[in-house]
Amino acid sequence: QVQLVESGGGLVQTGGSLRLSCVASGRTFSSYAMGWFRQAPGKEREFVAGISRSGGGTYYADSVKGRFTISRDSAKNTVYLQMNSLKPEDTAVYYCAAKETKLIIRTQRYDYWGQGTQVTVSS
């Protein structure tokens, strides 16, 4: 079992920045590919960014490419999502997810999910 706890969400103005964190516990963090997803009101949950278990590979949704950066710190069992140039359409609950694989998973086929953290971008 892996437990994931997100933090760092909040209210920010358009053009602002936030950094989300997700701390993993319970199993060997370095065995898990990690991902960030988001779900806006009335919409389906969508992929935002993914990172391989080594940290050497990343992948982003087109909507966030160039603005968001995913990274991981194995010493802290933590994955981050740095979000810059935020837009109102980035408003959503953000979830981190984990899967024991060497691949970068771009779909929702993750095994473990956090409880989510709210990000609200005001116009």
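Everything discussed here concerns the structure shown above.
Residues numbered from 1 in each chain as written. Predicted model: local features only at pLDDT ≥ 70, side-chain atom pairs only at ≥ 80, totals over all residues. Heavy atoms only, no water.

Trainee: Summarise the sheet that holds strand 7 (residues 68-73); cite the residues concerned and give the values.
Mentor: Ordered in space as 1-3-8-7, the four strands form an open sheet in which the pairing is antiparallel. In this open sheet, the two edge strands, each paired with only one partner strand, are strand 1 (3-7) and strand 7. Along the sheet, successive strands turn relative to each other by an average axial angle of 15°, direction set aside. Summarising the sheet, strand 7 and strand 8 (residues 78-83) pair through six bridges and their orientation is antiparallel. Its bridge partner lying in strand 8, Ser 71 is registered against Tyr 80. (Pairing = 2+ DSSP bridges. Helix = DSSP H or I, 4+ residues; strand = E, 2+ residues; numbered from the N terminus. Axes fitted to C-alpha atoms, helices over the stretch in contact; angles between N-to-C directions.)

Trainee: Which residues make up the packing of aromatic side chains, and what values go with them?
Mentor: In this structure the tally under the stated criterion is six aromatic pairs. Note on Tyr 32 and Tyr 112: the rings are 6.2 Å apart at their centroids and 65° apart in plane angle, and the pair reads as edge-to-face. Of this pair, Tyr 32 sits in strand 4 (residues 32-39) while Tyr 112 is found in strand 10 (residues 112-113), placing the two residues 80 residues apart along the sequence. Using a relative accessible area of 3% as the deciding quantity, one classes Tyr 32 as buried. For Tyr 112, a relative accessible area of 19% translates into the label buried. Taken together, a centroid distance of 5.6 Å and an interplanar angle of 80° make the contact between Phe 37 and Phe 47 edge-to-face. Within this pair, whereas Phe 37 is found in strand 4, its partner Phe 47 is found in strand 5 (residues 46-51), the two being separated by 10 residues in sequence. Put simply, the rings of Phe 37, Phe 47, Tyr 59, Tyr 110 and Trp 113 touch in pairs and so form one group of aromatic residues. Above the plane of the ring of Tyr 59 lies Lys 65, whose end atom (NZ or CZ) is 6.0 Å from the centre. (Phe/Tyr/Trp six-rings, centres within 6.5 Å; stacked < 30°, edge-to-face > 60°. Buried < 20%, exposed > 50% of the residue type's maximum accessible area, 1.4 Å probe, protein only. Lys NZ or Arg CZ within 6 Å of the ring centre and 35° of its normal.)

Trainee: Any chance you could break down the pairing of strand 11 (residues 117-122) for me, citing the residues and the numbers?
Mentor: With burial as the criterion, only one face of strand 11 is covered, namely that bearing Thr 117, Val 119 and Val 121; the residues Gln 118, Thr 120 and Ser 122 on the opposite face remain uncovered. Across four bridges, the pairing between strand 2 (residues 10-13) and strand 11 is parallel. The residue bridging Gln 13 from the neighbouring strand is Ser 122, located in strand 11. As paired strands, strand 9 (residues 92-100) and strand 11 are joined by three bridges and run antiparallel to one another. Counterpart to Ala 92 in the pairing with strand 11 is Val 119.

Trainee: Mind laying out the environment of Thr 107, listing which residues take part and the relevant values?
Mentor: Relative to the elements of secondary structure, Thr 107 occurs in the loop between strand 9 and strand 10. Relative accessible area serves as the criterion here: at 36%, Thr 107 is assigned to the partly exposed category. For the pair Thr 107 and Cys 96, spaced 11 residues apart in the sequence, the C-alpha separation amounts to 13 Å. Within the structure, Thr 107 has its side chain in polar contact with the side chain of Arg 109 (distance 3.2 Å). (Polar contact = N/O pair within 3.5 Å; in protein donor to acceptor, adjacent residues only side chain to side chain.)

Trainee: With reference to specific residues and values, describe the nonpolar core.
Mentor: Counting 36 residues, the largest nonpolar core has Leu 4, Met 34, Trp 36, Leu 81, Met 83 and Tyr 94 as the members making the most contacts within it. Among the elements that take part in this core, strand 9 stands out by supplying five residues, more than any other. Those residues in contact with Leu 4, other than ones at most four positions away along the chain, are Cys 22, Val 23, Ala 24, Met 34, Cys 96, Ala 97, Ala 98, Tyr 112, Trp 113, Gly 114 and Gln 115. (Core = buried A, V, L, I, M, F, W, Y, C linked by side-chain atoms within 4.5 Å. Contact = heavy atoms within 4.5 Å.)

Trainee: Can you explain unusual backbone geometry? Please cite residues and give values.
Mentor: Positive phi values are uncommon outside glycine, yet Asn 77 reaches one of about 50°. Checked against the element boundaries, Asn 77 lands in the loop between strand 7 and strand 8. Judged by its relative accessible area of 25%, Asn 77 falls in the partly exposed class.

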